[in-house]
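# Examination of the molecular architecture
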Amino acid sequence: MPVVEITKSPADNPMYPSCCLINNLCAKLTGNLIMASRIRETIVECMKEARFSSSDEDRCQALQTLATITKISPQNRNLVAHIEGSVAALVSLSKSTSQNVQYLSLSVLFNLSLNPSLKQYLAQEDIISYLTTLILSPNHCKLAASFLCSLAMLDKNKAKFGVAGIVQVLVKAISGPQSPASHHLLSSLAELVQFHGNCTLAVRAGAVAVLLEVAKSEDLSGTSLAILGLVARFEEGLNELKGIDGIVARMLVILKRPCILSKEGACEILLRLFDESEDCVREAGALPELSSTLAEVSLGCSGRLREKASLLMNKIMESG
């Protein structure tokens, strides 16, 4: 009788699961390498098209592709940034006569700035100088302010922006009519005044009066008060606030608003004023409504805001 050989199935092989896992990993790695290679090729081609095409339409299409692939991928941002001459080319394109080319080039630069490792590299003199111009122009001010804010988040860049005169430019821009860029301009200033030298520059540029005026807008009061709180940490800023007529009454108006950030900013400023100025404490004592408002804040809020409101109430009672 013939002998029938029974062949084991792959599943009967004790090494089969390991082999499958290895094969799957190899396939995945190969696929990732192919994908990465294709993305790099696309980036290189798009940069060439953006730099050398004579057609604004083709440039826009290439820049739109770059903006899309750098929007969510840190790896793609690094790829773009490390192509020789790419950043200089994008800065040059952002000065194009075509508004669309300008906007898309700035969009790519902004996306690159989202990588912490690229923030210092992108804070170049020509970029800072151009951002200074854009912030005071009606074209792409919002995007330019976002780009500036992103770069200013790196502590090593804060002093560099101060030396370049960006702080004074921001104060001037913020003092103008409210616009869609206003919040972004305020956010940029909030980043920069965390550095003492920039705080001094802001005060000398009239930031305290400007911010108090901007704080009248409920949409912008939270950020404005947060900046004033940062400014009040230093002597020059605190002295400027103490010199404002009716400063305590102004903070009372803000405390009545529903915005928690505005309330926190007002309480922070009042605490610093009460610690340094007896006149401000006396002004508070002459405003019975302030104590009742602080009581409402203390009862209706939680965390740090409740603590600050309670401290202010105690200071007012002690002074009486």
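Described in the following lines is the structure provided in the data block. None of these values were measured; they are calculated from a predicted model. Throughout this document, residue positions are counted from 1 along each chain, in the order its sequence is written. Only residues with pLDDT of at least 70 get local features here, since the model is predicted, and only at 80 or more are side-chain atom pairs given and counted; chain-wide, interface and lining totals rely on the full set of residues. The basis for every side-chain value is the complete set of non-hydrogen atoms in the structure, without hydrogens or water.

Time to look at the overall build of the protein. Check the secondary structure of the protein and you find 20 helices and zero strands. Note on exposure labels: buried denotes an accessible area under 20% of the residue type's maximum, exposed denotes more than 50%, and partly exposed covers the range between, all computed with a 1.4 Å probe on protein chains only. Scored against the burial criterion, the 320 residues of the protein give a buried share of 45%. Any two residues whose heavy atoms approach within 4.5 Å are treated as being in contact. When contacts within the protein are restricted to residue pairs at least 6 apart in sequence, those whose partners lie at least 24 apart make up 69%. Here the Shrake-Rupley method, with its probe set to 1.4 Å, supplies the accessible areas, and only the displayed protein chains count as covering residues. When the accessible surface of the protein is totalled, it reaches about 16,900 Å², and 56% of it is carbon and sulfur. Here a helix means four or more residues in a row that DSSP labels H or I, a strand means two or more in a row labelled E, and each is numbered from the N terminus.

Let us look at the packing of helix α17 (residues 260-276) against helix α18 (residues 278-285). What counts as an axis is a line fitted to C-alpha atoms, over the stretch in contact for a helix, and the angles between N-to-C directions run from 0 to 180 degrees. The geometry of α17 relative to α18 is characterised by a closest axis approach of 5 Å and an angle of 120 degrees between their N-to-C directions. The pairing of α17 with α18 is recorded here as oblique in orientation. From α17, Leu273, Phe274 and Glu276 reach across to α18, where they touch Glu278, Cys280, Val281 and Ala284. Gly is put with the polar residues, along with every residue not named as nonpolar or charged; the nonpolar set is Ala, Val, Leu, Ile, Met, Phe, Trp, Tyr, Cys and Pro, and the charged set is Asp, Glu, Lys and Arg. The residue makeup of the contact of α17 with α18, split by class, is five nonpolar, no polar and two charged. Any angle that is under 35 degrees is reported as roughly parallel, and any over 145 degrees as roughly antiparallel; angles of 65 to 115 degrees are reported as roughly perpendicular and all others as oblique.

Two residues of an α-helix separated by three or four positions point the same way, owing to the 3.6 residues in each turn. To estimate the expected span of a helix, subtract one from its residue number and multiply by 1.5 Å. Helix length check: helix α2 (residues 56-71), at 16 residues, gives a terminal C-alpha distance of 22 Å against a target of 22 Å (1.5 Å per residue), a fit within 8%. Every buried residue belonging to α2 is among Arg59, Cys60, Ala62, Leu63, Leu66, Ala67 and Thr70, and all of these are buried. Summarising the axial view, the buried residues of α2 lie within an arc of 165 degrees, below the 170-degree limit, and thus occupy one face. In α2, the exposed positions that point more than 90 degrees away from the buried face belong to Glu57 and Gln61. Directions pointing from the helix axis toward each C-beta atom define the arc.

Attention shifts here to the nonpolar core. Of all hydrophobic cores here, the largest spans 98 residues; its most connected members are Leu112, Leu185, Ile247, Met251, Phe274 and Leu290. It is helix α8 (residues 141-152) that contributes the most residues to this core, eight residues altogether. Apart from the residues lying within four places of it in its own chain, the contact partners of Leu185 are Ile135, Cys141, Ala145, Leu170, Ala173 and Ile174. Joining through side-chain atoms within 4.5 Å is the link that ties buried Ala, Val, Leu, Ile, Met, Phe, Trp, Tyr and Cys residues into a set, and such a set is a nonpolar core.

The next thing to look at is α8. Taking 1.5 Å as the rise per residue, α8 with 12 residues should run 16 Å; its terminal C-alpha atoms sit 16 Å apart, in good agreement. Within α8, 11 of the 12 residues are buried, which leaves the element mostly enclosed by the surrounding structure. Burial in α8 covers these residues: Cys141, Leu143, Ala144, Ala145, Ser146, Phe147, Leu148, Cys149, Ser150, Leu151 and Ala152. Here the buried face of α8 lies against α5 (99-113), α6 (119-122), α7 (125-135), α9 (155-163), α10 (166-174) and α11 (182-192).

Here a pair means two rings of Phe, Tyr or Trp (six-membered ring of Trp) with centres within 6.5 Å. Their orientation is stacked below 30 degrees between planes, edge-to-face above 60, and tilted elsewhere. Applying the stated criterion to the full structure yields zero aromatic pairs. One residue, Lys95, lies across the ring of Tyr130, its end atom 5.3 Å from the ring centre. Charges are assigned to positions over rings by a cutoff of 6 Å between ring centre and Lys NZ or Arg CZ, combined with an angular limit of 35 degrees from the ring normal.

So, about the side chain of Ser221. As for its position among the elements, Ser221 is in helix α14 (residues 221-231). For Ser221, a relative accessible area of 0% puts it in the buried group. Under this definition, polar contacts are N or O atom pairs within 3.5 Å; protein pairs additionally need one hydrogen-donor-capable and one acceptor-capable atom, and for neighbouring residues in sequence, both atoms have to be side-chain atoms. Of the polar contacts made by the side chain of Ser221, one reaches the side chain of Ser262; its length is 2.6 Å. If we ignore the near neighbours within four places in the chain, the residues touching Ser221 are Ala215, Arg257 and Ser262.

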